[in-house]
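Structural features, examined
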Amino acid sequence: MSDMIKVSVIGASGRMGSTVCDAVEAATGLELVGRFDQGDDLGDLAGADVVVEFSVPDASPANVAHCVERGVHCVVGTTGWREERLARLRAQIEKAPEGTGVLIAPNFAIGAILMMSFAAQAARFYESVEVVELHHPRKVDAPSGTAARTADLIGAAREEAGLGPIPDATEHDPDGARGARVHGVPVHSVRLRGLVAHQEVLLGGEGEMLTIRHDSFDRASFMPGVIEGVRRVGEHPGVTVGLEHYLGL
Ligand SMILES: NC(=O)C1=CN([C@@H]2O[C@H](COP(=O)(O)OP(=O)(O)OC[C@H]3O[C@@H](n4cnc5c(N)ncnc54)[C@H](O)[C@@H]3O)[C@@H](O)[C@H]2O)C=CC1
Ligand SMILES: O=C(O)C1=N[C@H](C(=O)O)C[C@H](O)C1
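Here we summarise the structure given alongside this text. The numbering scheme is per chain: residues are counted from 1 as the chain's sequence reads. Here the convention is simple: chains get letters from A, ligands get numbers from 1, in the order in which they are written. Given that this is a predicted model, residues contribute local features only at a pLDDT of at least 70 and side-chain atom pairs are listed and counted only at 80 or more, while totals for whole chains, interfaces and linings are drawn from all residues. By convention in this description, side-chain values take in all heavy atoms of the structure and omit both hydrogens and water.

Considering the site of ligand 1
The rule for a residue being near a molecule or strand is that one of its heavy atoms must lie within 4 Å of it. Around ligand 1, the surrounding shell holds 22 residues, and the nearest of these are R15, M16, D37, T79 and A105. G77 is positioned such that a nitrogen or oxygen atom in its backbone is 3.2 Å from a nitrogen atom of ligand 1. N or O atoms within 3.5 Å of each other form a polar contact, as long as, within protein, one can give a hydrogen and the other can take it, and as long as residues adjacent in sequence are counted only when both atoms are side-chain atoms. A distance of 2.8 Å separates an oxygen atom of ligand 1 from a polar atom in the side chain of T79. Across the complex, the protein chains shield 82% of the 860 Å² of accessible surface that ligand 1 would expose by itself. Cavity membership is defined here by more than half of the atoms lying within 2 Å of grid points; on that basis ligand 1 lies in the largest pocket. Taken together, the residues of the shell around ligand 1 break down into nine nonpolar, ten polar and three charged. We get accessible surface area from the Shrake-Rupley algorithm with a probe of 1.4 Å; when it comes to residues, only the shown protein chains can shield them. Every definition here rests on a 1 Å grid over the protein atoms only: cavities are sets of points where a 1.4 Å probe fits but cannot get out, pockets are open sets enclosed by protein on both sides within 12 Å along at least five of seven lines, and lining residues have some atom within 4 Å of a point. Think of it this way: a molecule belongs to a cavity or pocket when more than half its atoms come within 2 Å of the grid points there. All residues other than Ala, Val, Leu, Ile, Met, Phe, Trp, Tyr, Cys, Pro, Asp, Glu, Lys and Arg, Gly among them, are scored as polar; the first ten of these are nonpolar and the last four charged.

Structure, rendered in structure tokens:
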């Protein structure tokens, strides 16, 4: 890479994409060279060194594959990257030019990253745990990528600690009031006008409850993490899931 990192944004007309374009333009050492959205020919990605991808879950894998095939590093915020998609991406990156890096980050806000880490740390000490995610009503996917990732981390920590299933006597739930189950953890999705992105992890034991909550009140909360991802992705070949791996957490 030259001194200036050339950056293109895919999903550039969206809520996150447009905020990222402004953040890249304001950042020292970064140059915004391309804005792409639905229907655009990605071509040579406007000569970018790094692409930031914030589109929709169904489009993201093809967009990222386009970057990887050309050896362009990719910082991905789009949701929907569960294990099957990650496995396909890992296979694609093996055939890509050497050194190509992809960062898949379910959440770029530092507080959300810490919330997930604290929840994983706490999980082994509590018999009960549930995740409640709350978002703006224009969000197209549920549960949120952050909630799914949190539940995966909690589920893995519970397994490692030898904890059994979460206690729950519910037998009759015709309307799905107990929420979705991700890695055995109940996850509840709220969509409410006025919200941006929020999550609570509720951990219960005999006579006590620990609540871990994070609130993004503005999309500005994601920008330092995205910019850090752009600056660091070239140092991390292969697929990395979670910005925490770049932050030494
Ligand atoms: N990792 C993180 O920290 C965050 C992740 N997100 C995720 O980012 C994604 C985008 O969120 P928003 O910006 O709120 O959505 P949005 O709906 O405002 O923007 C999505 C954009 O992608 C475009 N798009 C659709 N299909 C496309 C395609 N095939 N190629 C290129 N562009 C395409 C749309 O036209 C739109 O401009 C969602 O999956 C959301 O969950 C959102 C906020 C933070
Ligand atoms: O769509 C959003 O807004 C957000 N999406 C991500 C998710 O699904 O976890 C990150 C953040 O919660 C905002």
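Quick look at the pattern of salt bridges
Here, a salt bridge means any Lys or Arg side-chain nitrogen found within 4 Å of an Asp or Glu carboxyl oxygen. In the structure shown here, the tally under the stated rule is 16 salt bridges. With a closest N to O distance of 3.3 Å, E84 and R88 form a salt bridge. Of this pair, E84 and R88 both sit in helix 3 (residues 83–94), four residues apart, which is roughly one turn of the helix. For each residue, the accessible area found with a 1.4 Å probe, counting protein chains only, is set against the maximum for its type, and the residue is called buried under 20%, exposed over 50%, and partly exposed in between. Note on E84: relative accessible area 61%, which makes it exposed. Overlapping salt bridges bring together E130, D168, R178 and R181 as one network. Helical segments are the DSSP runs of H or I of at least four residues, strand segments are the runs of E of at least two, and each set is numbered from the N terminus.

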